[in-house]
Amino acid sequence: MSHDDKFLGAHTIGKTACFFLMDRLYNFSSREGPDPSIDQDLLQELMDTCPPNGDINFRLPIDHDSGDTFDIQILENIRNGFAVLQSDAKLMDDLVTKRILDSYFRVTNQSVKPSFEADFVKSMVKMGRIGVKNGPKRGEIRRMCNTFN
């Protein structure tokens, strides 16, 4: 898949566990403390939801304020520092993905404005056509996405 496939927004619906946020909130990169790219209001909310000695299995919406709705809000959140996941926040670090993300919010001409929904559908169809590599020395379909079988 390429940048042209515009698979941005895959996290518009869904939840994550505190486990996946702990390093980003409390021990980011080589420095201690939180990821500086997180909006300060969101940071406090995430830290309250996922305290250092709290339940790491507690689940929270990936798309802040819109976790149960398929919409473009996840992209607006990412642009404004409200990305819950670091992988989403990183979209703003790459000029190509940042331009794609920003293109959904330009209102210069509605007739040529890209459609998040249409682009998402095209990307999902294309991703569904990717061949699954499984078998000896080719790969495996994981039972749990974060561990090898």
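Residues numbered from 1 in each chain as written. Predicted model: local features only at pLDDT ≥ 70, side-chain atom pairs only at ≥ 80, totals over all residues. Heavy atoms only, no water.

Some thoughts on helix 6 (residues 116-128)
Selection criterion: A run of H or I in DSSP counts as a helix once it spans at least four residues, and a run of E counts as a strand once it spans at least two, with each numbered from the N terminus. For a helix, the expected span equals 1.5 Å multiplied by the residue count minus one. Using a 1.4 Å probe on the protein chains alone, a residue whose accessible area is under 20% of its type maximum counts as buried, one over 50% counts as exposed, and one in between counts as partly exposed. It is the directions from the helix axis to the C-beta atoms whose arc is reported. Any two residues whose heavy atoms approach within 4.5 Å at even a single point are treated as in contact.
An ideal rise of 1.5 Å per residue puts 18 Å on 13 residues; helix 6 measures up with 18 Å between its terminal C-alpha atoms. For helix 6, the set of buried residues is Phe-116, Asp-119, Phe-120 and Ser-123. Considered in projection along helix 6, the buried side chains sweep an arc of 100° and stay on one side of the axis. Projecting away from the buried face of helix 6 at angles above 90 degrees are the exposed residues Lys-122 and Gly-128. Next to the buried residues of helix 6 lie helix 3 (73-79).

Remarks on helix 5 (residues 95-103)
If you check which residues of helix 5 are buried, you get Thr-97, Ile-100, Leu-101, Asp-102 and Ser-103. In this structure, the buried residues of helix 5 make contact with helix 3.

Notes on the packing of aromatic side chains
For clarity, the threshold we go by: A pair of Phe, Tyr and Trp rings is counted when the ring centres sit within 6.5 Å of each other, with Trp represented by its six-membered ring. The angle between the planes then sorts it: under 30 degrees is stacked, over 60 is edge-to-face, the rest tilted.
Taken as a whole and assessed by the stated rule, the structure comprises 2 aromatic pairs. Measuring from centroid to centroid gives 5.1 Å for Phe-19 and Phe-20, while their planes differ by 85°, and the two rings are edge-to-face. Of the residues examined, Phe-19 reaches a relative accessible area of 47% and is grouped as partly exposed. With a relative accessible area of 43%, Phe-20 lands in the partly exposed category.

Digging into the environment of Asn-134
As for its position among the elements, Asn-134 is in the segment after helix 6. The residues contacting Asn-134, other than those within four sequence positions of it, are Gly-139, Glu-140 and Ile-141.

A short note on the state of the cysteines
Stated precisely, the cut-off is as follows: Here, two cysteine sulfur atoms that lie within 2.5 Å of each other are counted as a disulfide.
Per the counting criterion, the structure on display carries 1 disulfide. Residue pairing for Cys-18: its cysteine sulfur links by disulfide to Cys-50, the two sulfurs lying 2.0 Å apart. For the disulfide bridge between Cys-18 and Cys-50, the dihedral angle about the S-S bond is near -70°, and by the sign convention the bridge is left-handed. With Cys-18 in the loop between strand 1 (15-17) and helix 1 (22-26) and Cys-50 in the loop between helix 2 (40-49) and strand 2 (59-61), this residue pair connects regions lying 32 residues apart in the sequence.

Describing the confidence of the model for the protein
To keep things clear, this is the line we draw: pLDDT expresses how confident the predictor is about each individual residue, on a scale running from 0 to 100.
Taken residue by residue, the protein gives an average pLDDT of 82. The fraction at 70 or more is 87%. Of all the helices and strands in the protein, helix 6 carries the lowest mean pLDDT, 79, while helix 2 carries the highest, 96.

Let's talk about the layout of surface pockets
Selection criterion: Detection works on a 1 Å grid of protein atoms alone, calling trapped sets that fit a 1.4 Å probe cavities and calling open sets with protein on both sides within 12 Å along at least five of seven lines pockets, with lining residues defined by an atom within 4 Å of a point. Grid points are joined across faces, edges and corners, and a volume is the space filled by probe spheres set on the points. In this count, Pro and Cys sit with the nonpolar residues alongside Ala, Val, Leu, Ile, Met, Phe, Trp and Tyr, while Asp, Glu, Lys and Arg are called charged and the others, Gly among them, polar.
As a volume, the second largest pocket reaches approximately 150 Å³. Lining the second largest pocket are 13 residues, with Arg-24, Ser-37, Ala-89, Lys-90 and Asp-93 positioned closest to its centre. Grouping the amino acids of the lining of the second largest pocket by side-chain chemistry returns 6 nonpolar, 3 polar and 4 charged.

Overview of the environment of Asp-65
One can find Asp-65 in the loop between strand 2 and helix 3. Residue class for Asp-65 comes out exposed when judged on its relative accessible area of 73%. The spacing of Asp-65 and Phe-82 is 17 residues in sequence and 9.8 Å in space, taken between C-alpha atoms.

Observations regarding the pattern of salt bridges
Put simply, the rule reads: Definition used for salt bridges: Asp or Glu carboxyl oxygen within 4 Å of a side-chain nitrogen of Lys or Arg.
Evaluated as defined, the whole model comprises 6 salt bridges. For Arg-79, the salt bridge is made with Glu-76, and the minimal N-O distance between the two is 3.7 Å. Residue Arg-79 and its partner Glu-76 are both found in helix 3; the two are separated by 3 residues, about one turn of the helix. For Asp-93, the salt bridge goes to Lys-90, with nearest N and O atoms at 3.2 Å. Among the residues examined, Asp-93 registers a relative accessible area of 57% and is labelled exposed. Assessed through its relative accessible area of 46%, Lys-90 is described here as partly exposed. Salt bridges linked by common partners bring Glu-76, Arg-79, Lys-98 and Asp-102 together as one network.

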